[in-house]
Amino acid sequence: MFCVIGVIVCCLMHGSSADYIGAVVEYNHVPSENSSLTVEENLEHYLYQISQASVFGAQIIVFPEYGLTGLVQQPDDYAVWIPDVGTEGFLSEAYVSSNTDFDPAVYSLANYRNQTVFDYESYVFQTLNLSTANSAQQVCHDNFCCNFNISVAENSTEVYRLVAFNGGSQFADKFCAVVACLNQDVASCGVRPLVAYATVFRQITVWGQWEARDEEFYRPISLRGNLEPAYNATYQQSRTNETVGVNFNMTVPVNNVVVFGLFVRSAAPISFTLSVGLLSMIVFIQGIA
């Protein structure tokens, strides 16, 4: 085994002037007779390298991607089984037996925290008419416009809204989507339901064409009530010097849709100032063979 620790003092100039000491570890994993022992033995080496880096006051330590396992040929060998969080304390047996639409797969997630991360008062909402089999609508917020082509299998009394946002947040700078709501109050939109949303969408297409900006990147987003994405959806992006076009399309019937849409983030560069005089504090440590 050979490892190298590089210790560098940096100053992160992105809203803060605080110095920190970071260590980067170059490390070749040590294989063992099975996956559990491989992880345990390499973890011991990690702890040793952490103790060595701490001598130099390292506050952030970066290890290689496959340091604990090596390149994995059989991922299942390293998989960790996570038990069902269960429904105890959340639903009574009487409630379950009296509701024919009870979905155990949905309720088994009841212990997971559910929290919306958007300020709904800053968003533009438009009601989606689920009594119409096919609809084509456009929603705009401050010159940011998204187009929606939607087909539903049958009439539904559930509440879905089309949403557009342009203003910047911790989640996205721009956002547009089809969003489920528990009721008519927009504050209930985007919340995972206890009972699966029954509306079956035959097709959802969200698309837009906007001014091309080098600092912006575009991504699709989808979520169903069971915390899985909407499978069999396709995402396409085309760009010219002037414009960028994006299209997120789902043509396989699906229910229990919580959100399906697009978001835009600005990838503003982060500037670093390195203390050049301290770059000489790079220490090479010969590991134990």
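Just so you know, these numbers come straight off a predicted model, no measurement behind them. (Residues numbered from 1 in each chain as written. Predicted model: local features only at pLDDT ≥ 70, side-chain atom pairs only at ≥ 80, totals over all residues. Heavy atoms only, no water.)

A. Expanded view of the packing of aromatic side chains. A complete count under the given rule lists 10 aromatic pairs for this structure. Ring centres of Phe144 and Trp210 lie 4.9 Å apart, and the angle between their planes is 35°; this geometry places the pair in the tilted category. Taken as a pair, Phe144 in strand E6 (residues 144-152) and Trp210 in strand E9 (residues 201-211) lie far apart in primary sequence, 66 residues in all. As far as burial versus exposure is concerned, Phe144 and Trp210 are alike and both buried. Between Tyr160 and Phe201, the aromatic rings sit 5.0 Å apart at their centres with planes inclined by 80°, giving edge-to-face as the arrangement. (Phe/Tyr/Trp six-rings, centres within 6.5 Å; stacked < 30°, edge-to-face > 60°. Helix = DSSP H or I, 4+ residues; strand = E, 2+ residues; numbered from the N terminus. Buried < 20%, exposed > 50% of the residue type's maximum accessible area, 1.4 Å probe, protein only.)

B. Highlighting the nonpolar core. Phe148, Ile150, Tyr160, Phe201 and Trp210 are the most contacted members of the largest nonpolar core, which totals 31 residues. Secondary structure elements with two or more residues in this core: E6, strand E7 (159-166), strand E8 (174-181), E9, strand E12 (243-250) and strand E13 (257-266). Apart from the residues lying within four places of it in its own chain, the contact partners of Tyr160 are Thr127, Leu128, Leu130, Val178, Val179, Ala180, Tyr197, Thr199, Phe201 and Val257. (Core = buried A, V, L, I, M, F, W, Y, C linked by side-chain atoms within 4.5 Å. Contact = heavy atoms within 4.5 Å.)

C. The sheet that holds strand E5 (residues 134-141), seen in detail. Spatial strand order, E5-E6-E9-E12-E11: 5 strands in an open sheet with antiparallel pairing. What marks the edges here is a single partner per strand, and that holds for E5 and strand E11 (233-239). Between one strand axis and the next, the sheet turns through 15° on average, direction left out of account. Bridge count for E9 against E12 is 8 bridges, and the pairing is antiparallel. Paired with Gln209 across the bridge in E12 is Gly245. (Pairing = 2+ DSSP bridges. Axes fitted to C-alpha atoms, helices over the stretch in contact; angles between N-to-C directions.)

D. Main features of the pairing of E12. The buried fraction of E12 amounts to 6 of the 8 residues, a majority that puts the element mostly inside the structure. Of the strand pairs in this sheet, E11 and E12 are connected by 7 bridges, and their pairing is antiparallel. Note on E12: the bridge partner recorded for Ala233 is Met250. Hairpin connection, E11 to E12: the antiparallel pair is bridged by 3 residues.

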